[in-house]
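If you want the building blocks of each chain, they are given just below.
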Amino acid sequence: MRIVYFTHSLASCWNHGNAHFLRGVLDELVERGHDVAAYEPEGAWSLANLLADHGAAGLEPWQRLYPQLTSTTYASDADLTELVDGADLVIVHEWNDHDLVARMGTLRKAGAGFRLLFHDTHHRAVSAPAEMQAYDLSGYDGVLAFGETLSEVYRGWGWQGRVWTWHEAADTRRFHPPAAEGERTGLVWVGNWGDGERTQELEHFLFAPAQAAGLPLDIYGVRYPDEARATLARYGVAYHGWAANARAPEIFARHLATVHVPRRFYTTVLPGIPTIRVFEALACGIPLVSAPWSDAEGLFRPGTDYLTAEDGAEMTRHLTALGADPDLRADLVAHGLETIRARHTCAHRVDELLAIAATLGLPSSASAEPERTPA
């Protein structure tokens with residue numbers, strides 16, 4: 001098949017977590033012989049921030065590790081007909097401009113032969129529903145939602161039978177344990193400060209427990225204002241700024257454990273969505289402890305694949321135990337890897353995507369020609 005994906009950015013992961021999963025999925029599709037094209041708008045703010053902070057060198061890790069992938073920028077007035085020429089499946093991510101989303105739907109309604117899906121990987125359907133409902137999806141064949149609770153929101157908006165739950169997953173070609181174990185010390189957390197969605201939670205479940213457990217803590221991420229950095233300094237946290245997501249495996253490999261602190265919306269109105277870092281951390285073979293989060297869909301084995309902490313005191317106990325007990329760490333690593341490899345790789349998600357495409361009348365193999373049906 002020819003598959004076209006419109007993303008905010010494939011080149012930049014600066015505050016753009018969707019790039020992590022997208023790179024792995026598109027690379028897997030290419031490996032299987034599909035013709036893949038990715039487009040991103042000119043002036044994408046994630047890429048602009050990355051280049052402003054790090055220059056072209058900031059692009060080196062993804063370019064080196066994903067040599068099969070390229071992304072083409074397009075102007076706001078680009079002829080979309082040319083961009084999707086020959087496409088069998090077109091996927092548009094929800095970080096795109098409302099106009100681009102609507103124009104793609106207009107092409108589909110006008111009789112374009114491709115199938116068209118909207119890909120939602122954020123909590124705005126519940127945190128900013130008016131903003132999401134402003135997208136004109138009337139020409140779309142369906143929605144890919146990254147959690148069952150988000151799929152339920154779309155069903156409530158009239159998408160029954162046309163929304164599929166499509167979780168994120170780990171790119172295990174690149175996210176895996178180190179080939180040779182080296183020295184591991186302390187804790188690491190890779191994540192962005194954000195917009196106050198988990199400020200209290202980070203202090204309660206990460207900064208204070210790490211300090212109480214006597215474990216040094218390294219943090220990587222962006223959008224840390226002065227008050228956030230002052231908080232990190234108060235707890236003795238070492239802040240390292242942005243790190244390319246492609247470097248996450250080597251960063252994890254230097255540390256004893258990591259912590260998952262979900263954003264508030266994923267613990268309240270959208271339970272069951274773990275977000276990409278859980279998949280990536282377990283795939284890299286680092287023990288993980290999670291702040292309260294309901295695995296409503298049974299994606300993992302809480303207490304077996306990772307530890308859970310209901311409060312700061314329990315988090316401190318878990319981190320203290322992990323620092324002192326190599327057998328506990330090894331047990332968590334083995335079980336976490338087992339679950340990722342069995343259920344949550346980008347290869348699994350490509351299988352799921354191709355099965356969805358088949359229900360829309362598209363071929364499941366790379367070489368078969370789709371049966372064209374009237375729009």
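Structure shown above.
1. Notes on the pairing of strand E6 (residues 142-145)
Okay, step 1: Side chains of E6 alternate between two faces, with Gly142 and Leu144 and Val143 and Ala145 buried alike.
Okay, step 2: Crossover handedness for the path E6 to helix H8 (residues 148-156) to strand E7 (residues 163-165): right-handed.

2. Overview of the sheet that holds E6
Okay, step 1: Pairing in this open sheet of 7 strands is parallel, and the strands run E3-E2-E1-E4-E5-E6-E7 from one edge to the other. Two strands lie at the open edges of the sheet, namely strand E3 (72-74) and E7, each paired on one side alone. Recorded for the sheet is a direction-independent mean angle of 25 degrees between the axes of neighbouring strands.
Okay, step 2: With 5 bridges joining them, strand E4 (residues 89-93) and strand E5 (residues 115-120) adopt parallel strand pairing. In the sheet register, Leu89 faces E5, and the bridge partner there is Arg115.
Okay, step 3: Helix H5 (residues 98-109) rests against strand E1 (2-6), E3, E4 and E5 of the sheet, and its axis sits at about 155 degrees to E5.

3. Some details on the environment of Gln200
Okay, step 1: Its place among the elements puts Gln200 in helix H9 (residues 199-213).
Okay, step 2: Using a relative accessible area of 63% as the deciding quantity, one classes Gln200 as exposed.

4. Considerations on the pattern of salt bridges
Okay, step 1: This structure, assessed with the given rule, holds 22 salt bridges.
Okay, step 2: Taken together, the salt bridges that share partners define one network made up of Asp27, Glu28, Arg32, Asp171, Arg173, Arg174 and Asp351.

5. Notes on the packing of aromatic side chains
To describe a pair of aromatic rings, you give the distance between the ring centres and the angle between the ring planes.
Okay, step 1: The full count for this structure, using the stated rule, is 18 aromatic pairs.
Okay, step 2: Arranged with centres 5.6 Å apart and planes meeting at 35 degrees, the rings of Trp45 and Trp95 form a pair that is tilted. Remark: Trp95 occurs in the loop between E4 and H5 and Trp45 occurs in helix H2 (residues 45-54); sequence separation between them is 50 residues.
Okay, step 3: Classification of Trp45 as partly exposed rests on a relative accessible area of 38%.
Okay, step 4: Trp95 gets classed as partly exposed once you look at its relative accessible area, which sits at 25%.
Okay, step 5: An aromatic cluster is built from Trp193, Phe207, Tyr224, Tyr235 and Tyr239, whose rings are joined through pairwise contacts.

The rules we used
Residues numbered from 1 in each chain as written. Predicted model: local features only at pLDDT ≥ 70, side-chain atom pairs only at ≥ 80, totals over all residues. Heavy atoms only, no water. Buried < 20%, exposed > 50% of the residue type's maximum accessible area, 1.4 Å probe, protein only. Helix = DSSP H or I, 4+ residues; strand = E, 2+ residues; numbered from the N terminus. Right-handed = clockwise from strand over helix to strand, strands pointing away. Pairing = 2+ DSSP bridges. Axes fitted to C-alpha atoms, helices over the stretch in contact; angles between N-to-C directions. Contact = heavy atoms within 4.5 Å. Salt bridge = Lys/Arg side-chain N within 4 Å of Asp/Glu carboxyl O. Phe/Tyr/Trp six-rings, centres within 6.5 Å; stacked < 30°, edge-to-face > 60°.

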